[in-house]
Structures are given as C-alpha cells and as structure tokens.
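Chain and residue survey
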Amino acid sequence: MTGVITAYNKERGFGLISQYLVLESIYFDIVDCKAKGLYVGSTVEFDTAITKRGVVAKNIMGVSKLRVRPKTLI
C-alpha cells in the first residue's frame, strides 16, 4: 500500500499515514519504519496488520519521487 505521513509525534514515537481516497488514517509506530529521514509529507509504502488497536502500518519504507522531464518539441 502507498500513503503519505500526515502526523508524527517524535517524543512518543508514533504517527499517522493517510491514503488517497481513504477516510481513516492508519496508525504506525517508529519501530516499524525501515527507512530513516522520513518526515510529515513523505510518501511511503507499507504493509498492514490487524492488532488490538485496529489496522496498523508495518514495514514502512520511503518512496523516492520520480523526476520527469518534459519533452521539448522542436
């Protein structure tokens, strides 16, 4: 699954990931992040798991943004 980190509490080590066209945000814990340097606004890929808290994100990895060059017409 793909989403964007929309909230993160550094002191407590958790945050929320939002997905396009999905109303509820998904909880994540910092121990489930496989990448460093993520911030609010980072695009991430992740798996989900069902726990006592509900659906949570696991195996979170950052997604590099692709740079697309527009073609010039001559």
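The structure reproduced in this document is the subject of the present report. These numbers were taken from a predicted model, which means no experiment stands behind them.

Parameters and conventions
- Residues numbered from 1 in each chain as written.
- Predicted model: local features only at pLDDT ≥ 70, side-chain atom pairs only at ≥ 80, totals over all residues.
- Heavy atoms only, no water.
- Helix = DSSP H or I, 4+ residues; strand = E, 2+ residues; numbered from the N terminus.
- Buried < 20%, exposed > 50% of the residue type's maximum accessible area, 1.4 Å probe, protein only.
- Contact = heavy atoms within 4.5 Å.
- Areas by Shrake-Rupley, 256 points an atom, 1.4 Å probe, with all protein chains shown as cover.
- Pairing = 2+ DSSP bridges.
- Patch = residues over 30% accessible without salt bridge, like charges linked within 9 Å, V, L, I, M, F, W, Y side chains within 5 Å.
- Salt bridge = Lys/Arg side-chain N within 4 Å of Asp/Glu carboxyl O.

A few points about the overall build of the protein chain
From N to C terminus, the protein chain includes 0 helices and 5 strands. In sequence order, the protein chain lays out its α and β elements as β-β-β-β-β. Counting across all 74 residues of the protein chain, residues that qualify as buried make up 22%. For the protein chain, long-range pairs separated by at least 24 residues make up 42% of all intrachain contacts whose partners lie at least 6 apart in sequence. About 6200 Å² of surface is accessible on the protein chain, with carbon and sulfur atoms providing 57% of the total.

A closer look at the pairing of strand β3 (residues 26–29)
What you see with β3 is a clean split: Ile-26 and Phe-28 sit on the buried side and Tyr-27 and Asp-29 on the side with no burial. Where strand β2 (residues 14–18) lies against β3, 4 bridges are found, and the strand directions are antiparallel. Paired with Gly-15 across the bridge in β3 is Phe-28.

Considerations on a nonpolar patch on the surface
A cluster of nonpolar side chains, contributed by Tyr-8, Ile-30, Val-31 and Val-40, occupies part of the molecular surface with about 370 Å² of accessible area. Within the secondary structure, Val-40 is located in the loop between β3 and β4 (43–51). In this structure Val-40 comes out as partly exposed when scored by relative accessible area, which is 49%.

Overview of the pattern of salt bridges
One pass over the structure, following the stated rule, counts 1 salt bridge. For Lys-58, the salt bridge goes to Asp-32, with nearest N and O atoms at 3.6 Å. On the criterion of sequence distance, the pair formed by Lys-58 in strand β5 (residues 54–62) and Asp-32 in the loop between β3 and β4 is long-range, its members being 26 residues apart. Since its relative accessible area comes to 28%, Lys-58 is described here as partly exposed.

Let's talk about the side chain of Asp-32
Residue classification places Asp-32 among the buried positions, given a relative accessible area of 17%. Not counting the four nearest positions on each side in its chain, Asp-32 is found in contact with Ala-57, Lys-58, Asn-59 and Ile-60.

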